[in-house]
Each structure stands twice: as C-alpha cells, then as structure tokens.
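Below, each chain spelled out in residue letters.
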Amino acid sequence: SCDSGSGGKDRVYAFTADTDGILELSLSSSFDAVLSVRTVCEGTQIACLDSGGASAVEGGQIWATAGTTYFVHVDAFIADDKTVGSEHVAFRVSE
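It should be emphasised that the depicted structure is a prediction, and the values quoted were computed from it without experimental measurement. (Residues numbered from 1 in each chain as written. Predicted model: local features only at pLDDT ≥ 70, side-chain atom pairs only at ≥ 80, totals over all residues. Heavy atoms only, no water.)

Participant: Would you mind going over the overall build of the chain with me for this structure?
Facilitator: Looking only at helices and strands, the chain has zero helices and seven strands in total. Each helix (α) and strand (β) of the chain, taken in turn from the N terminus, gives the series β-β-β-β-β-β-β. In the chain, buried positions account for 37% of the 95 residues. The contacts in the chain between residues at least 6 apart in sequence include a share of 80% that link residues at least 24 apart. Looking at the chain as shown, the accessible area adds up to about 5,000 Å², and 50% of this sits on carbon and sulfur atoms. (Helix = DSSP H or I, 4+ residues; strand = E, 2+ residues; numbered from the N terminus. Buried < 20%, exposed > 50% of the residue type's maximum accessible area, 1.4 Å probe, protein only. Contact = heavy atoms within 4.5 Å. Areas by Shrake-Rupley, 256 points an atom, 1.4 Å probe, with all protein chains shown as cover.)

Rendered as structure tokens:
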C-alpha cells in the first residue's frame, strides 16, 4: 500500500483512457512523493508507485481500459511537506 500514514498533503489528478493499452505514469518532484492509482477517487488502490526519497522520479505502468477514469493521488510522504502542487505529472497510453 502507498499509504504513508503521515497525513501529508496530497493532490488528485484524473485521467480517462481513450484506448486500451499500457498507461505510463511519471512524476518528477522536489519532495518525497508517493503515487496511488484508483478507479474511484476514494476507492481501492490498484497500483502503488514509490521509489523512495526526495527529488526522485516516480513512475510505472498499469493496464488501462478505454473509457475508464483513473485517479492518481500524489501524496507527500512527510506530513509537513508544503511542496505538493509543484510536481510535474505525465500520463500516456500506448497500445
């Protein structure tokens, strides 16, 4: 699970796949981030991406289904991290 239990700030991005394929996620940030992917905003986590450490590039791949909306939660691992919102997130589906 990606849940750090820290209560750090988070931001949610929504992405709807327009085709079936591999959804590639990447995040670059200056803080220790964790990505959690869900198909319902507050639902069950389907993927967890955490490379550990600040200034790391998080990323990974999951299978995406056309028409499905994926909610990508970007969470600060450290509770008092104030830099959430300064990240760059990219989504791409390849067939």
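Participant: Please clarify how the side chain of H73 should be interpreted in this entry.
Facilitator: Summarising the element assignment, H73 is placed in strand 6 (residues 69-76). Since its relative accessible area comes to 9%, H73 is described here as buried. Within the structure, the side chain of H73 is placed 2.8 Å from the backbone oxygen of C41, a separation counted as a polar contact. Ignoring any residue separated from it by four or fewer positions in sequence, one finds H73 in contact with D10, R11, V12, V34, L35, S36, R38, C41 and E42. (Polar contact = N/O pair within 3.5 Å; in protein donor to acceptor, adjacent residues only side chain to side chain.)

Participant: Would you mind showing me how to read the sheet that holds strand 1 (residues 10-16) here?
Facilitator: Hydrogen bonds between backbone groups are what pair the strands of a sheet, and the pairing can be parallel or antiparallel. The strand order across the open sheet formed by four strands is 1-6-3-4, and the pairing between neighbours is antiparallel. The open sheet terminates on both sides in strands that have one partner only, identified here as strand 1 and strand 4 (45-49). Looking at each pair of strands side by side, their axes are set apart by 20° on average, direction ignored. Summarising the sheet, strand 1 and strand 6 pair through seven bridges and their orientation is antiparallel. Paired with D10 across the two strands is D75, which belongs to strand 6. (Pairing = 2+ DSSP bridges. Axes fitted to C-alpha atoms, helices over the stretch in contact; angles between N-to-C directions.)

Participant: What exactly am I supposed to notice about the confidence of the model for the chain here?
Facilitator: Note: predicted coordinates in regions of low pLDDT should not be interpreted at a detailed level. Here the chain shows a mean pLDDT of 75. Residues at 70 or above account for 59%. Taken element by element, the chain is modelled with least confidence in strand 7 (residues 88-94), mean pLDDT 64, and with most confidence in strand 1, mean pLDDT 85. (pLDDT = per-residue confidence, 0-100.)

Participant: How should I be thinking about the nonpolar core in this particular structure?
Facilitator: One broad trend across soluble globular proteins is that nonpolar side chains are buried collectively. Membership of the largest hydrophobic core comes to 15 residues, with the highest contact counts inside it found for L23, L25, L35, V37, I62 and Y70. Secondary-structure elements contributing two or more residues to this core are strand 2 (21-28), strand 3 (33-38), strand 4, strand 5 (57-64) and strand 6. (Core = buried A, V, L, I, M, F, W, Y, C linked by side-chain atoms within 4.5 Å.)

Participant: When you look at the side chain of S36 in this model, what are you seeing that I'm missing?
Facilitator: Along the polypeptide, S36 turns up in strand 3. At a separation of 3.3 Å, a polar atom in the side chain of S36 contacts the side chain of R38. For S36, the side chain forms a polar contact with the side chain of Q45, separated by 3.1 Å.

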